[in-house]
Amino acid sequence: LHHGDRVVFTGDMRRDRGEWESVVTFLGLRTGGVTRDTRVLVAADPNSLSGKAARARAYGIPVITEAAFEQLVAAQAGRLRN
């Protein structure tokens, strides 16, 4: 993930959506709806048939789990510290 990338969330996450959005903003990323410039869709259920997931797949955007996103966030935070 790079500064300014858009991250979208769908479904009921383990962590509160507002908390995730704060983390995303802290890392210099953006949130919002699925558009062609979305970098990743974080889905409670990666096999979701939600409108967001369908749109993401149509645009070729990766749909990942919350756990996978946690790993990306940890890596991103590590880069910020260095």
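As a reminder, the structure under discussion sits directly above these lines.
Right, let's walk through the structure included here. (Residues numbered from 1 in each chain as written. Predicted model: local features only at pLDDT ≥ 70, side-chain atom pairs only at ≥ 80, totals over all residues. Heavy atoms only, no water.)

**Observations regarding the packing of aromatic side chains**
Okay, step 1: Tallied over the entire structure, the rule returns three aromatic pairs.
Okay, step 2: Taking 6.2 Å as the distance between ring centres and 20° as the angle between the ring planes, the aromatic pair formed by Phe9 and Trp20 counts as stacked. One end of the pair, Phe9, is in strand E1 (residues 6–10); the other, Trp20, is in helix H1 (residues 17–26), with 11 residues separating them in the sequence. Note on accessibility: Phe9 and Trp20 belong to one class, buried.
Okay, step 3: Centre to centre, the rings of Trp20 and Phe69 are 5.1 Å apart; their planes meet at 65°, and the pair counts as edge-to-face. Here the residue Trp20 occupies a position in helix H1, and Phe69 occupies one in helix H3 (residues 66–81), the gap between them amounting to 49 residues.
Okay, step 4: By way of ring pairs, the aromatic residues Phe9, Trp20 and Phe69 are connected into one cluster.
Okay, step 5: Positioned over the ring face of Trp20 is Arg15, at 4.2 Å from the centre of the ring. (Phe/Tyr/Trp six-rings, centres within 6.5 Å; stacked < 30°, edge-to-face > 60°. Helix = DSSP H or I, 4+ residues; strand = E, 2+ residues; numbered from the N terminus. Buried < 20%, exposed > 50% of the residue type's maximum accessible area, 1.4 Å probe, protein only. Lys NZ or Arg CZ within 6 Å of the ring centre and 35° of its normal.)

**Quick look at the pairing of strand E3 (residues 38–43)**
Okay, step 1: Most of E3 sits out of view: five of its six residues are buried.
Okay, step 2: Strand direction decides the pairing type here: E1 and E3, joined by five bridges, are parallel. By the bridge assignment, Phe9 is partnered in E3 with Val42.
Okay, step 3: Bridge count for E3 against strand E4 (residues 63–64) is two bridges, and the pairing is parallel. Residue pairing for E4: Leu41 is matched across the bridge by Val63.
Okay, step 4: For the crossover from E3 across helix H2 (residues 51–58) to E4, the handedness is right-handed. (Pairing = 2+ DSSP bridges. Right-handed = clockwise from strand over helix to strand, strands pointing away.)

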